[in-house]
Amino acid sequence: MHSHVRPFWIALLALGGVYANAAAQDAQTTAHMVYTEEQATRGEDVFWNICSECHFEEDFAGPFMQSWSGAMVKDLMDEIKATMPEDNPGGLEDSQYLDVITYMFKINGMPTGDTEISTTDAGIIEIDWRPSYDEPNDIKPYD
Ligand code: HEC
C-alpha cells in the first residue's frame, strides 16, 4: 500500500521544490522591494556623516550601480567595507555599510518595501539596476 503512495509524494515534493526555487531566484533582486525607507534613511545619515566628506550622491547613481548589476549585494558590501571610508577602511559596523548601500539603492530609484535587508539576505539578493522601476507588474515582494 505505502509503496504505491510514497513515489507520488516524493515526486510532488520534488516538483514543489523546483518551482519554489525558480520563483525565489527570480524575485531575489533589488527590483523587488528588498529594503525599507527607514533603512535607507539610516543609510542617508551614514552618507552625510561620513561619506559626504569625499563623495557626492551622484557617485553612487547610474553608471556606478549599473556596473554592479548582476552581483550580489554582499559583494558590493564586502568591496566597500574593504576600502571605505578611505581614511578608515572597515571602520564602520556591518549594519552601517548595509544601510548606506540601501541609500544607494534609493538614489537609484529601486523600490522600497516592508522588510529590511539583512546581512544574511545580502548574500542571496542580486543587484538589479534598471534605468526605471516603473513597471508595476514586475514590482512584487518575493513573488
Ligand atoms: C576620506 C575620503 C573618503 C571617504 C570618507 C569615503 N570615500 Fe569612498 N572613495 C574615496 C576615494 C578617493 C575613492 C576613489 C575614487 C575613484 O577612484 O573613483 C572612493 C571610491 C569609492 C567607491 C567606488 C566608486 C567607484 O566609482 O567605483 C565607493 C562605492 C565608495 N568610495 C563608497 C564610500 C562610502 C559608502 C563611504 C562612506 C561610508 C565612503 N566611500 C567614504 C574617498 C573616500
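Thresholds applied
- Residues numbered from 1 in each chain as written.
- Predicted model: local features only at pLDDT ≥ 70, side-chain atom pairs only at ≥ 80, totals over all residues.
- Heavy atoms only, no water.
- Near = heavy atom within 4 Å.
- Polar contact = N/O pair within 3.5 Å; in protein donor to acceptor, adjacent residues only side chain to side chain.
- Nonpolar A, V, L, I, M, F, W, Y, C, P; charged D, E, K, R; others polar.
- Donors = N, O, S within 2.8 Å, 3.2 Å for Na, K, Ca; no water.
- Tetrahedral: all angles 85-135°; square planar, octahedral: opposite > 155°, others 65-115°.
- Helix = DSSP H or I, 4+ residues; strand = E, 2+ residues; numbered from the N terminus.
- Buried < 20%, exposed > 50% of the residue type's maximum accessible area, 1.4 Å probe, protein only.
- Expected span 1.5 Å × (residues − 1).

Engineer: I keep staring at the site of the ligand and nothing clicks. Help me out?
Structural biologist: If you check the shell around the ligand, you find 14 residues, and the closest are C51, C54, H55, F64 and M84. The side chain of H55 places a nitrogen or oxygen atom 2.7 Å from a nitrogen atom of the ligand. Considered class by class, the residues forming the shell around the ligand number eleven nonpolar, one polar and two charged.

Engineer: I'm lost on the coordination of the iron atom of the ligand in this one. Help?
Structural biologist: Each donor-metal-donor angle in an ideal tetrahedron of four donors is 109.5 degrees, and each such angle in an ideal octahedron of six donors is either 90 or 180 degrees. The coordination sphere of the iron atom of the ligand, as far as protein atoms go, consists of H55 (NE2) and M84 (SD), spread over 1.9 to 2.1 Å. Around the iron atom of the ligand sit six donor atoms, and with donor-metal-donor angles ranging over 87 to 178 degrees the site reads as octahedral. Of this pair, H55 sits in the loop between helix 2 (37-49) and helix 3 (63-67) while M84 sits in the loop between helix 4 (73-83) and helix 5 (94-107), and the two are 29 residues apart along the sequence. For M84, a relative accessible area of 27% puts it in the partly exposed group.

Engineer: Quick question: what am I supposed to make of helix 5 here?
Structural biologist: An α-helix turns once per 3.6 residues; consequently, residues spaced three or four apart project the same way. Compared with an ideal rise of 1.5 Å per residue, which puts 14 residues at 20 Å, helix 5 spans 20 Å between its outermost C-alpha atoms and is within 8% of the ideal. Among the residues making up helix 5, those that are buried are Y97, L98, D99, V100, I101, T102, Y103, M104 and F105. In the stretch just after helix 5, G109 is the one whose phi turns positive, near 80 degrees.

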